[in-house]
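# Structural characterization, general
One-letter residues, chain by chain:
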Amino acid sequence: MNDSDLSHLKTAISVARKAREHGNHPFGAVLVDADNQVLLSAENTVLTGRDSTGHAETNLVRMATQRYTSAVLAGCTLYASTEPCAMCAGAIYWSGIGRVVYALSELDLYEIVGPSPDHLYLPCREVFAHSQRRIEVPARRRRRAAGRRRAPAVPRDQQVVQRAVGETGVERDRAVDQ
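Rules and cut-offs
Residues numbered from 1 in each chain as written. Predicted model: local features only at pLDDT ≥ 70, side-chain atom pairs only at ≥ 80, totals over all residues. Heavy atoms only, no water. Axes fitted to C-alpha atoms, helices over the stretch in contact; angles between N-to-C directions. Helix = DSSP H or I, 4+ residues; strand = E, 2+ residues; numbered from the N terminus. Parallel < 35°, antiparallel > 145°, perpendicular 65-115°, else oblique. Left-handed = near helix turned anticlockwise from the far one by under 90°. Contact = heavy atoms within 4.5 Å. Nonpolar A, V, L, I, M, F, W, Y, C, P; charged D, E, K, R; others polar. Buried < 20%, exposed > 50% of the residue type's maximum accessible area, 1.4 Å probe, protein only. Pairing = 2+ DSSP bridges.

Glancing now at the packing of helix H2 (residues 56-67) against helix H4 (residues 86-95). At a minimum axis distance of 9 Å, the contact between H2 and H4 shows a crossing angle of 15°. Comparing their axes, H4 and H2 come out roughly parallel. The handedness of the crossing between H2 and H4 is left-handed. Contacts from Glu57, Thr58, Val61 and Thr65 in H2 reach Met87, Cys88, Ala91, Ile92 and Ser95 in H4. Each residue belonging to the contact of H2 with H4 can be placed in one class, and the counts come to 5 nonpolar, 3 polar and 1 charged.

Encoded structure:
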């Protein structure tokens, strides 16, 4: 990740802040072309739009695919305030956008908000790993802020075991919220 990536991530976070001010969940996304120019931005509209698919990334993809060719989108980077969910990762894949950079990982988000039956534990890298086209997601290291606690553990009676394929391609059992 370079300085330009960090600058665009700050823009995505600013868009997320606007989403919150507009009464939605604080998620934002920005589309940047191969020349490092911002083409579009979109915020989450799940609450105000009364549409569960109104995530910032899907809203951005809808606008982008209507305005730009697949050749242009292949050279674009989507910057997101938070790691795209499985639905958004699918939309990004189908749009042909070539690169994704996000600020907050799915796991870090879930640590902040705590357990919920609404969580779908499927990182965008795993969605992209099962595709026929390469979508670049820069490597990142997980860092825990000083003093930040882990989300409370889910009680055993509320867990189910799910087979999951990790980034290494090895199946493993993973306990998830029920």
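What helix H5 (residues 106-113) keeps buried is the set Glu106, Asp108, Leu109, Tyr110 and Glu111. With its phi angle positive at about 85°, Gly114 sits one or two positions after the end of H5.

Examined against the element boundaries, Glu57 turns out to sit in helix H2. Once the C-alpha coordinates of Glu57 and Ala42 are considered, the two residues, 15 residues apart in sequence, prove to be 7.1 Å apart. Ignoring anything within four residues of it in the chain, the contact list for Glu57 reads Ala29, Leu78, Ala80, Thr82, Glu83, Pro84, Cys88 and Ile92.

The next point concerns the pairing of strand S2 (residues 38-43). In the case of a regular strand, side chains alternate between the two sheet surfaces. Where strand S1 (residues 28-32) lies against S2, 5 bridges are found, and the strand directions are antiparallel. When the bridges of S2 are listed, Val30 appears paired with Ser41. In this antiparallel pair of consecutive strands, S1 and S2, the connection spans 5 residues, and Asn36 shows a positive phi of 70°.

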